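This is what each chain is made of:
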Amino acid sequence: MKLRWFIRVATFIIPALMALIALFRLADDGLGRPSNHVRTDRFPAISPDYANLVIPPNIAPLNFVIQEPGTEFRVFIFGLRGPGITVNSRRPRITIPLQDWRALLEANTGASIRVEVFTREDGRQWIGFKPLVHTVANEPIDGYLVYRRIDPVFRCWGNISIQQRDLTSFNETCLLANRSVQYDCINCHSFSREHPDRMALLVRSEAIGPRMLLSTERGNTAVSTATKSNPLPSSYHAWHPNGRVIAFAAMRVTQFFHAVGETRDVFDLVSDLGLYVLDSHMVTTAPAISRPDRLETYPAWSPDGKFLYFCSAPQLPIERYREVRYDLLRIPYDPQSGDWGEPETLLSADALGGSITHPRISPDGRFLMFCRCDYGNFSIYRPESDLYLLDLETRATHKMELNSDRSDSYHTWSSNGRWVVFSSKRRDGLLTHPWVSYVDKNGRAHKPFILPQQDPEYYDFSLKVFNVPELSAHPLHGHADRLRDAFRHSADPPQAAFEPTTQPGGSADPEPPWHAPAGHPQ
Amino acid sequence: MSAASNATGGGSLRRLIRQAVVLGLLYLHVFWVVDPRLLLHSQSPAFFAGWTEFTESLGAWPGGLIEYAAAGLAQTFAFPWLGAAVLTVGIGLAWVLTERLLAAAGASRFMRDWAFVPLACLLVLLNRYTLSLGAILSLVVALLPALMYARLPFRQSARVLTAVGMCIVVYVLAGPVSILLACLCGMMEILSAFPKPDTSRIDWPESPPLSETGPATAPTWPPPGVISPAWSIAAGMSILLLGAAIPYLAGTHVYRIGVHDTWTRQTALEHDRPPLIASIALYASLPLGLILASGLPAGLIHRMKARLFPNAGRRRSDRPSIARKKSPHGSAQPRGSKETSPTPAPAFLARFRAFLASALPLLAGAAVVWITVEPDRAAVLRLDYHVRNRQWDAALAAAEPLRWSRAMLDPDVEQRLATLGFASRFPAEAQTPAPLLPSLNVAIHNVNFALAQQGRLLDCMFEYPQRMGASVVRLLPDDEGAYVAHSYNFDILLELGHVNEAERVVCESFANVGPRPWLLKRLTRVNVLTGRPQAAHVCLNRLARVPGWRAWAETIRAELNKDPALSGRPDLQRIRSRMYRQDHVGHLEGMHPDEQMLRYLLVANPHNRLAFDYLTAHYLLTLRDDKVAENMRYLADFGYTHVPRHAEESILLLAKLTRQMPDLRGFTIRPETIRRFEAFTRDLDLLGDPGGRDNLRIRDALMARYGDTYWFYALFGHTFFGRNAPPPPADQGRDQ
């Protein structure tokens, strides 16, 4: 009797329960938040760390991996305006559809979007984590980032390529790979921001020596900037805003190695600044930027082209490498006449308590971002390297909020001055990756994020280094073939002529300003 | 079943048996002589499983697909029996396809044995460990469409288009070997323009009767209904030109690679510089085979002979021909001959000749392959394999041939093994399975490292080849001609405790030869030791995608998640205890001199026995007897209970030179060493001044008895034989 009663009840209850479950399932159509989930009061663990950022309205989707246990994953991304995006996955890799992402960011520019992460295990209840909130900035980032991709480098190299990444998607274009230039070392790529059809880079060729590969609308050449007065190759190119002059550092670099701590270190035995004038195919310099007793390096033009900023340190023997600390200087320059003014020290190494390198001025001319490290000029090899901001109006300096306990270095401004991309080793201490940060009008940097990749696990598997990031508002597609052509026809490159410039006072310099320090034959 | 089909079946069976014998011998040769593990060790192709890697490999290089597939298949070389099977299948396919191609081009049975030429070339290259599986597979991929092309019944214009299309596909899949395909197709077209000469009067080596070998394959080339000769020649030339243009255009404009890669990537010539005769012959033999198969050269010779010696020609024409007799089953005769033998030779003779004709090419090929085996190279490679895998006993067993060899005396051997095989194309070889062929210097370093790991360096190092002027710790890239030499320094530097220097070495090797699994493993260790577990994770993630390394990578990854320092691992803890405590800036070129570095390491850890042994070995190699004697005061600190043999020898020499025995702090020189030294000095006095003009005579006389001593090294700058060396030559007594 009891058994019969039990069977009757069971036949009732079991279908009723199943129907209830089906109803819940129907209600949860796989879109938006799961209908029945429990909330936790913590943010989800995700990689890369894309939590609570300020992001450009035109950035590619921030794909990520959920580092929470689960067999089913759901991410719901939504804003105040526009339709939300739901990503369901049985794997923790979350790949956000590009078009939907773009539409969402466009609709919510100047507002915020939320990223809600849900996980569950084997059909159990969904767990919802605290939403991640991204602020979508009004100002877009420049559309393209050009960087050099290479293995972790010490003294030699294998494959090197200059890549251009479309920041609004995941497209990457190879501008030049060294396999097409006989595996020579290619570096110091630079382009004129105002004239994107002008690009220069240095190739250190075993066959033809160091050459500046120059691609302009007027032709492609491999220029030898070595003159009798200075046979050293030109590095760290900086295009004048008028696009007709390239400032460069001509230096002899040596690498040495430590037994404890960061292995690599770099020392400049000789370093002077010079200018290459495209129209007249002339190399020139001035005594103030090529002093025999100083090491001048890292030239950078002010946006109006009236000042050349650079770093300068006393020339000491290599045994005293820890004492070599660079000051920040600038010198007025008249692009019409080519006249130089008096150099001015903006910030001394002593005042800052460290060496100053990589000055870069924001496009509005207000801020100057630079690296500070304990000594020397190769900040990427200095774990203590941090980024600082100098307000050129108030001359106030502050350590930026985007720094980490590992090397933060080489940086580039977006053309609207609101975004910076910089190199950082914060992820693992060995590999350099590009990080993006928003800098507001007061010079305050917001939480940086690593350059997004289509494969969210990309950085977990890649052993490549991304260095010398340079933002560009325009694509540089045309340069790939042109630079290669320039190299191919570089066996007998045009030799730049040398012309010493006038002293600030107007008198001609009787001696060529290039020099070799005692004990270091050129 | 008819008699004909019986005969055909018998011929097929015989052919199958012959093929099976050849493949069996091939397998045994690869398994026993070559040893696929050594191939994998020397080439270590980077293979990472995954869709991204697969798609990237497709577009990165011409022949990317075959390169990726070959790298994957090469992982089977870790199991010699399986690796030998894979290589046998690859090489066997190339052989069989060549044979079929020649048959399709109308080659006689004798001429089909020409297929042994490329087979022998492949094995000769394999003996040198320079042949990659990718080159074998790409050859197969080129031969397959060539065979298809030979059977195409199309019109000429369609054939040209087909050939060009196939060349493009082969270029994308297999790389510049498409030039070979174009060459074969073009040759077939051109040769079809010439009528087949009547070669029935030529003295071909006798082939087995058709009844025994089965019916001759009817030549499928030229196809029926062929067109005018001029058209054929034009078509052939077009294919040749277009076939050469495709790699050039694609290489420079699509893949944007250098000239060398454009023409040689994924071929046997890629890593073979200067190219061996074998690698050139490999590719030249195939079109040459087609020319020979066409009968044109034979016909030409026949005509010339007939013109020069008309009477001889007539007499020869009168001679009966056994091979050309008409088949009783009415099979088609080769070369269209209608002659029959009026007096056929006895059957056993015919069979014997048939056997000879069949076996001779095989025997000739086998002889060539056997002659080109390089046991000294294999020994050096095997030693390297065991040292890299930290199998010290096996390493020293592998070094045994070196111990007794006169390799260092043989300029040929020394020249062949002088530099690393990788040296020639730095850095263009980066990230390709370029073979790393260790040099004699590598072998010396490997032996020393194995001895040091067993605590026998100072007792036995002169039993093996040593060379004066060589660094005891590292191979200098400048000596070896390639930065890859660095990778050999890594294990020693890390074990000594110079982790930063080891990091530099491994990163530079990484930049040069790409993410090879053994480098990733080492990079993992360095990153753990330098406190960068996240970077170690990246290496492990990569390594986990290599099939043979997945288990190891996942084990370490799990351990790393629990303990980022891996402090439970004794090998890492041992290295940690030896690491520098205080910074020292290296030499500008990045290297501390050995002595300075070893002394710094001993300051960092006064119980670093490896550093002590290497420092003393350094003093021995640089003839610093005074420093060796000085070091004896520390012997007890490093657990020594007696003075090591070579140190004893050094001290006795010092005592003789200075006439004063140094203070050994309680240690003594063993009587047998003293007796041996007395005998040595006595013999030396008898032989005269070793610095004189008759140095070689004295060296050879002393070699057998004292070649394993420090004294011999100090006199002549190198060592040769061990204590149990073979007896001295008969005239040695006279010398003494």
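One can find the structure itself at the top, above this paragraph.
Here the residue numbers are simple positions, counted from 1 along each chain's written sequence. Chains and ligands are labelled by the order in which they are written, letters from A for the one and numbers from 1 for the other. Two thresholds apply to this predicted model, a pLDDT of at least 70 for residue-level local features and 80 or more for giving and counting side-chain atom pairs, whereas whole-chain, interface and lining totals are computed over all residues. Calculated side-chain values reflect all of the structure's heavy atoms, with hydrogen atoms and water omitted.

1. Thoughts on the overall build of chain A
When helices and strands are counted, chain A shows 5 helices and 35 strands. Relative accessible area decides the class of each residue, using a 1.4 Å probe on protein chains only: under 20% of the type maximum gives buried, over 50% gives exposed, and in between gives partly exposed. The buried share among the 522 residues of chain A stands at 60%. Looking at chain A alone, contacts between residues at least 24 apart form 58% of all its contacts between residues at least 6 apart. For chain A, the computed accessible surface area is about 20,700 Å², with 53% contributed by carbon and sulfur atoms. Note on conventions: DSSP H or I runs of at least 4 residues are helices, E runs of at least 2 residues are strands, and numbering of each starts at the N terminus. Here, two residues are considered to be in contact whenever any of their heavy atoms come within 4.5 Å of each other. Accessible areas in this description were obtained via Shrake-Rupley with a 1.4 Å probe; residue shielding takes into account the shown protein chains only.

2. Quick word on helix α27 (residues 517–529) of chain B
All names here are of chain B. In a helix, the anticipated span is given by 1.5 Å times the number of residues less one. Its 13 residues place the ends of α27 19 Å apart at the C-alpha level, agreeing with the 18 Å of an ideal helix rising 1.5 Å per residue. In terms of burial, α27 is largely enclosed, as 12 of its 13 residues are buried. Buried residues of α27: Pro517, Trp518, Leu519, Leu520, Arg522, Leu523, Thr524, Arg525, Val526, Asn527, Val528 and Leu529, and no others.

3. Comments concerning the pattern of salt bridges
Each reported salt bridge corresponds to a side-chain nitrogen of Lys or Arg within 4 Å of a carboxyl oxygen of Asp or Glu. For the coordinates displayed, the defined rule picks out 59 salt bridges over all chains. Here Arg42 of chain A and Glu68 of chain A are joined by a salt bridge, their closest N and O atoms 2.7 Å apart. With a gap of 26 residues between them, Arg42 of chain A in the loop between β1 (37–39) and β2 (46–47) and Glu68 of chain A in the loop between β4 (64–66) and β5 (72–79) connect regions that are remote in the sequence. The class of Arg42 of chain A is partly exposed, set by a relative accessible area of 41%. Asp408 of chain A is the partner of Arg426 of chain A in a salt bridge, and the nearest nitrogen-oxygen pair spans 2.7 Å. Linking Arg426 of chain A in the loop between β31 (419–424) and β32 (433–438) with Asp408 of chain A in strand β30 (residues 408–413), this pair joins segments that are 18 residues apart in sequence. One network of salt bridges, with partners in common, ties together Glu463, Arg645, Glu649, Arg676 and Asp708 of chain B.

4. Some words on the environment of Val628 of chain B
Residues and elements named next belong to chain B. Tracing the backbone through its elements, the reader meets Val628 in helix α33 (residues 625–631). Exposure remark for Val628: the relative accessible area of 0% places this residue in the buried category. Each C-alpha atom, one on Val628 and one on Ala617, is 8.5 Å from the other, the two residues being 11 residues apart in sequence. Ignoring anything within four residues of it in the chain, the contact list for Val628 reads Thr616, Tyr619, Leu620, Ala647 and Ser650.

5. A few points about the interface of chain B and chain A
Listed as interface residues are 49 residues of chain B and, on the opposing side, 39 residues of chain A. Across the interface of chain B and chain A, roughly 3,700 Å² is buried in total on both sides, 54% from carbon and sulfur atoms. On inspection of chain B and its partner chain A, the count reaches 1 salt bridge. Arg322 of chain A is paired through a salt bridge with Asp583 of chain B; the nearest N and O atoms lie 3.7 Å apart. N or O atoms within 3.5 Å of each other form a polar contact, as long as, within protein, one can give a hydrogen and the other can take it, and as long as residues adjacent in sequence are counted only when both atoms are side-chain atoms. Taken together, the links from chain B to chain A amount to 11 residue pairs in polar contact (both at pLDDT 80 or more). The set of elements that each furnish at least two residues to the side of chain B that touches chain A consists of α26 (499–513), α27 and α28 (533–543) of chain B. Of all the elements, α26 of chain B adds the most residues to the side of chain B that touches chain A, at 8 residues. Buried area is calculated as the accessible area (1.4 Å probe) missing from two parts once they are joined, with the contributions of both summed.

6. Points about the sheet that holds strand β22 (residues 294–301) of chain A
Neighbouring strands of a sheet are bound in pairs by backbone hydrogen bonds; such pairs are parallel or else antiparallel. All names here are of chain A. Spatially, the 4 strands line up as an open sheet ordered β22-β23-β24-β25, and their pairing is antiparallel. Edge positions in the open sheet fall to β22 and β25 (344–347), since each of these has one partner strand only. Between one strand and the next, the sheet's axes are offset by a mean angle of 35°, whatever the strand orientation. The rule for pairing is simple: two strands pair if DSSP sees at least two bridges between them. Looking at chain direction, β22 and strand β23 (residues 307–314) are connected through 6 bridges and run antiparallel. Across the sheet, Arg294 pairs through a bridge with Pro314, a residue of β23. Every axis corresponds to a line fitted to the C-alpha atoms, with the helix fit spanning only the stretch in contact, and the corresponding angles, defined between N-to-C directions, vary from 0 to 180 degrees.

7. Quick notes on the packing of helix α31 (residues 594–604) of chain B against helix α32 (residues 609–621) of chain B
All names here are of chain B. Contact geometry for α31 and α32: axes closest at 9 Å, N-to-C directions at 150°. With respect to each other, α31 and α32 are oriented roughly antiparallel. Here the hand of the crossing between α31 and α32 comes out left-handed. Taken together, the residues of α32 that come into contact with α31 (itself represented by Asp594, Glu595, Leu598, Arg599, Leu601 and Leu602) are Ala611, Phe612, Tyr614, Leu615, His618 and Tyr619. Under the grouping applied here, Gly and all other residues not named as nonpolar or charged are polar, the nonpolar ones being Ala, Val, Leu, Ile, Met, Phe, Trp, Tyr, Cys and Pro and the charged ones Asp, Glu, Lys and Arg. Looking at the contact of α31 with α32, its residues break down into 8 nonpolar, 1 polar and 3 charged. Note on angle classes: values under 35 degrees are labelled roughly parallel, values over 145 roughly antiparallel, values of 65 to 115 roughly perpendicular, and the remainder oblique. Left-handed is the label given to a crossing in which the near helix is rotated counterclockwise from the far helix by less than a right angle, and right-handed is the label when the rotation is clockwise.

8. Considerations on the nonpolar core
Ranked by internal contacts, the top residues of the largest apolar core, which has 131 residues, are Leu213 of chain A together with Leu383, Val473, Leu496, Leu598, Tyr614 and Leu702 of chain B. In terms of residue count, the dominant contributor to this core is α32 of chain B (9 residues). Excluding residues that lie within four positions of it along the chain, Leu598 of chain B makes contacts with Val473, Leu496, Ala611, Tyr614 and Leu615 of chain B. Here, the term nonpolar core denotes a set of buried Ala, Val, Leu, Ile, Met, Phe, Trp, Tyr and Cys residues that are joined through side-chain atoms within 4.5 Å. In terms of nonpolar packing, the next biggest core, distinct from the first, is built from 86 residues, Leu40, Ala84, Val140 and Leu143 of chain B among them.

9. Section: the side chain of Asp460 of chain A
Note that Asp460 of chain A resides in helix α4 (residues 458–461). Sequence-distant contacts of Asp460 of chain A, that is, excluding residues within four places in its chain, are made with Arg427 of chain A together with His537, Val538 and Asn541 of chain B.

10. Digging into unusual backbone geometry
The omega angle of the peptide bond from Ser47 of chain A to Pro48 of chain A is -5°, so this bond is cis rather than trans. For Pro48 of chain A, the position within the fold is in the loop between β2 and β3 (54–55). A positive phi angle, close to 50°, is found at His358 of chain A, a residue other than glycine. With respect to the helices and strands, the residue His358 of chain A is situated in strand β26 (residues 355–361). Even without being a glycine, Tyr129 of chain B presents a positive backbone phi close to 65°. Along the polypeptide, Tyr129 of chain B turns up in the loop between α7 (116–127) and α8 (133–150). Given a relative accessible area of 1%, Tyr129 of chain B falls into the buried group.

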